[in-house]
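For reference, the chains in residue letters:
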Amino acid sequence: MWRKIMLLKRKEPKLLLPRTTEVISLERRLFMGKALSLGALTMLTGCNVADDGQAQKILDVMSKWNDKAQAALFNPNRMALTYSEAEITEPFPFNAYYSEDQAPEVKEEGYKLELSGLIDKKDPWTLDKLRALPQESQITRHICVEGWSAIGKWGGVPLGNFLRMVGADLTAKYVGFKCADDYYQSIDMASALHPQTIIALTWRDQVLPRKYGFPMKVRIPTKLGYKNPKYITAMYVTNDYPGGYWEDQGYNWYGGS
Amino acid sequence: MAQKVLVHRLYVRIFHWLNAIAMFMMITSGWRIYNASPLFDFSFPDAITLGDWLGGALQWHFAAMWLFVINLGVYIVLGLATGHFRRKFLPLSPRALVHDVNDALHLKLAHDSHDYNAVQKLFYIGITLVMILTFISGLAVWKSVQFQLIGHLFGGYEGARLVHFAGMSLICAFVVVHLALVLLVPSTLLPMITGKGKAFPKDVEKNHVA
């Protein structure tokens with residue numbers, strides 16, 4: 001079983017694409033995180049680049065530079081466009097690196113959101129306690145790194161309000177998330193405090209269904225889909241770069257939109 | 001020894017070749033990104049894409065982006081400031097255009113001067129504008145929230161994606177024609193490397209000499 005999961009992880013992220021979830025991708029990349037197509041690079045340089053470490057280093061430096069450029073472009077007062085109920089995408093796609101029937105099944109009974117890191121009040125939170133907090137909802141466009149987009153409605157607790165309430169160190173650099181699957185994610189504090197960033201507990205005014213991330217997802221309309229983790233079980237605040245599931249394989253960390 | 005004239009200034013040559021490299025990387029990595037979620041009912045063969053997988057293609061695309069846009073920006077500023085655009089691309093009259101299109105369609109590719117004919121002028125003005133449009137629509141795709149005003153120009157995120165794709169297609173079409181013409185008139189290649197070319201009587205008359 002474990003081996004099966006590991007194999008799944010190594011599949012093309014094409015599985016993220018709802019339209020092709022049934023299509024088994026024949027292509028396999030040689031190694032995780034390698035960005036070079038040797039064929040294309042050979043065309044480019046006219047020589048055989050078997051050792052591509054140097055080019056990959058430059059690409060990694062550029063990706064870090066792009067993190068900074070995006071943080072500079074980020075305007076905390078710029079809101080993502082909102083849409084009407086009628087514009088919600090039907091059906092809203094399921095997307096993950098696994099198929100829908102493999103999505104984690106988290107039971108509400110016994111579930112608690114764990115808090116750790118640079119947070120004063122680390123008591124875990126039940127869903128009922130979170131539901132008792134002031135809620136907000138939004139109809140926004142989810143944009144996948146692959147290019148497709150879909151409009152959805154999420155409701156829940158603004159993450160910034162929650163972080164203030166639990167006494168998080170708002171000067172810290174990162175907010176990290178652990179999930180019930182083997183996904184993990186982290187975002188910059190400025191994006192965490194953006195008014196449209198919410199701990200989503202509902203989907204179209206109903207309890208967030210399993211396919212969209214029960215018990216909770218973090219919905220960040222100013223970031224690409226892979227920066228919106230689902231099935232969250234723990235949250236932490238830190239100054240140590242936590243990376244992310246796709247980022248550790250080569251996706252850009254900031255992933256803003 | 002035959003008299004030589006300056007055909008392409010140094011900054012134009014630097015721009016041209018850096019742009020060729022940047023375009024190659026942007027387009028081939030862009031195809032791989034397109035393949036992750038095709039807009040239309042086809043994909044690009046993976047063998048002619050750059051990046052090896054979506055994550056790698058994105059790294060190439062957003063690294064080459066800086067080379068592309070800085071290079072294009074310098075070219076446009078210098079082109080306007082030095083009068084290069086005015087001298088090379090203007091005047092462009094509809095009459096001359098009709099005449100030269102007619103010539104081109106009859107494959108009358110007279111190359112008796114380093115001045116551009118009307119069709120060439122239109123092509124080079126056009127491709128510059130298309131590159132600007134592709135860049136701007138790319139911004140709206142990359143930063144759909146931060147640059148949402150730009151996105152509105154294209155009818156939103158999905159519209160910007162289509163325009164970005166259309167821009168890529170026009171650039172590819174330009175490259176095909178451009179390379180075909182270089183094959184037909186190979187003497188145009190060397191001046192883009194050395195800067196200098198054979199002096200035609202017309203060029204000497206115009207005191208075009210380096």
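Refer to the structure presented above.
Conventions and cut-offs
Residue positions are counted from 1 within each chain, in the order its sequence is given. Starting at A for chains and at 1 for ligands, labels are handed out in the order in which the entities are written. Per-residue local features are limited, in this predicted model, to residues with pLDDT of at least 70; the limit for side-chain atom pairs, both in listing and counting, is 80 or more; totals at the level of whole chains, interfaces and linings are taken over all residues. Excluded from the side-chain calculations are hydrogens and water; all other atoms, namely the structure's heavy atoms, are used. The helix and strand labels rest on DSSP assignments: H or I over at least four residues marks a helix, E over at least two residues marks a strand, and numbering proceeds from the N terminus. The buried label applies to any residue whose accessible area, calculated with a 1.4 Å probe on protein chains only, is under 20% of its type's maximum; exposed applies above 50%, and partly exposed to all values in between. It only takes one pair of heavy atoms within 4.5 Å for two residues to be counted as in contact. Exposure was quantified through the Shrake-Rupley algorithm and a 1.4 Å probe, taking into account, for residues, occlusion by the shown protein chains and nothing else. Positive charges are assigned to Lys and Arg, negative charges to Asp and Glu, while His and the chain termini are left out of the count. Every charge is mapped onto a representative atom, which is NZ of Lys, CZ of Arg, CG of Asp or CD of Glu. Throughout this description, the term salt bridge denotes a Lys or Arg side-chain nitrogen within 4 Å of a carboxyl oxygen of Asp or Glu. Two kinds of site are reported from a 1 Å grid over the protein atoms alone, namely cavities, where a 1.4 Å probe fits but cannot get out, and pockets, open sets with protein on both sides within 12 Å along at least five of seven lines, and residues are called lining when an atom falls within 4 Å of a point. Grid points are joined across faces, edges and corners, and a volume is the space filled by probe spheres set on the points. Under the scheme applied, nonpolar residues are Ala, Val, Leu, Ile, Met, Phe, Trp, Tyr, Cys and Pro; charged residues are Asp, Glu, Lys and Arg; polar residues are all the others, including Gly. Orientation is described by lines fitted to C-alpha atoms, with helices fitted over the stretch in contact, and by angles between N-to-C directions that extend from 0 to 180 degrees. Note on terminology: angles under 35 degrees are roughly parallel, angles over 145 are roughly antiparallel, angles of 65 to 115 are roughly perpendicular, and the others are oblique. Should the near helix be turned anticlockwise from the far one by less than a right angle, the crossing is left-handed, and should it be turned clockwise, the crossing is right-handed. Here a pair means two rings of Phe, Tyr or Trp (six-membered ring of Trp) with centres within 6.5 Å. Their orientation is stacked below 30 degrees between planes, edge-to-face above 60, and tilted elsewhere. Whether a charge sits over a ring depends on NZ of Lys or CZ of Arg being within 6 Å of the ring centre and within 35 degrees of the ring normal.

Side note on the overall build of chain B
- Along the backbone of chain B there are nine helices and two strands.
- If you list the helices and strands of chain B from N to C, you get β-α-α-α-α-α-α-α-α-β-α.
- For chain B, the spread of C-alpha atoms along the three principal axes comes to 55 × 35 × 35 Å.
- Per-residue burial over chain B gives 45% buried out of 210 residues.
- Across chain B, the fraction of contacts at a sequence separation of at least 24, relative to all contacts at a separation of at least 6, is 72%.
- By element, 73% of the accessible surface of chain B is carried by carbon and sulfur atoms, the whole surface being about 10,900 Å².
- Charge-centre separation for chain B: the mean point of 16 positive side chains lies 10 Å from the mean point of 10 negative side chains.

Observations concerning the pattern of salt bridges
- All told, the structure shown has ten salt bridges over all chains when counted by the stated rule.
- Residue Arg204 of chain A is joined to Glu90 of chain A by a salt bridge in which the shortest nitrogen-to-oxygen separation is 3.0 Å. Of this pair, Arg204 of chain A sits in the loop between strand 6 (198–203) and strand 7 (206–207) while Glu90 of chain A is found in the loop between helix 3 (53–73) and strand 1 (114–117), placing the two residues 114 residues apart along the sequence.
- With a relative accessible area of 26%, Arg204 of chain A lands in the partly exposed category.
- Residues Arg161 of chain B and Glu158 of chain B are paired through a salt bridge, measuring 3.1 Å at the closest nitrogen-oxygen approach. On the criterion of helical spacing, the pair formed by Arg161 of chain B and Glu158 of chain B is a turn pair, its members being three residues apart in helix 7 (residues 157–184).
- Judged by relative accessible area, Arg161 of chain B falls into the buried class, the value being 12%.

Topic: empty space enclosed by the protein
All names here are of chain B.
- This model, assessed by the stated rule, comprises three cavities of 30 Å³ or more.
- Lining the largest cavity are 48 residues, and of these Ile33, His61, Phe62, Val141 and His164 lie nearest its centre.
- The biggest single contributor to the lining of the largest cavity is helix 2 (residues 54–81), with eight residues.
- Classifying every residue of the lining of the largest cavity gives 29 nonpolar, 16 polar and three charged.
- In this structure, the second largest cavity occupies an estimated 250 Å³ of space.

Notes on unusual backbone geometry
- The residue after Glu90 of chain A, namely Pro91 of chain A, is reached through a cis peptide bond having omega -10°.
- Inspection of the secondary structure puts Pro91 of chain A in the loop between helix 3 and strand 1.
- Along the chain, Leu90 of chain B connects to Pro91 of chain B via a cis peptide bond; the corresponding omega equals -5°.
- The topology assignment puts Pro91 of chain B in the loop between helix 3 (84–89) and helix 4 (94–105).
- Phi at Tyr231 of chain A takes a positive value of approximately 55°, unusual for a residue other than glycine.
- Relative to the elements of secondary structure, Tyr231 of chain A occurs in the loop between strand 8 (217–219) and strand 9 (232–238).
- Accessibility expressed as a relative area gives 0% for Tyr231 of chain A, which makes it buried.

Thoughts on the packing of helix 1 (residues 10–36) of chain B against helix 2 of chain B
Residue and element names in this part refer to chain B.
- Between helix 1 and helix 2, the shortest axis-to-axis distance is 8 Å and the interhelical angle comes to 150°. One finds that helix 1 runs roughly antiparallel with respect to helix 2. Where helix 1 crosses over helix 2, the handedness of that crossing is left-handed.
- In the contact of helix 1 with helix 2, the residues fall into 22 nonpolar, six polar and one charged.

Considering the packing of aromatic side chains
- Counted by the stated rule, this structure contains 39 aromatic pairs over all chains.
- Taking 4.9 Å as the distance between ring centres and 75° as the angle between the ring planes, the aromatic pair formed by Tyr97 of chain A and Tyr98 of chain A counts as edge-to-face.
- Take Tyr97 of chain A: its relative accessible area is 6%, and that puts it in the buried class.
- Ring geometry for Tyr116 of chain B and Tyr124 of chain B: centres 4.9 Å apart, planes at 40°, overall tilted.
- Here Tyr116 of chain B falls in the buried class, since its relative accessible area comes to 19%.
- Members of the aromatic cluster, each reached through a chain of ring pairs, are Phe94, Tyr97, Tyr98, Tyr183, Tyr184, Tyr226, Tyr245, Trp246 and Tyr251 of chain A together with Trp53 of chain B.
- If you follow Lys129 of chain A out to its NZ or CZ, it ends over the ring of Trp125 of chain A, 4.5 Å from the centre.

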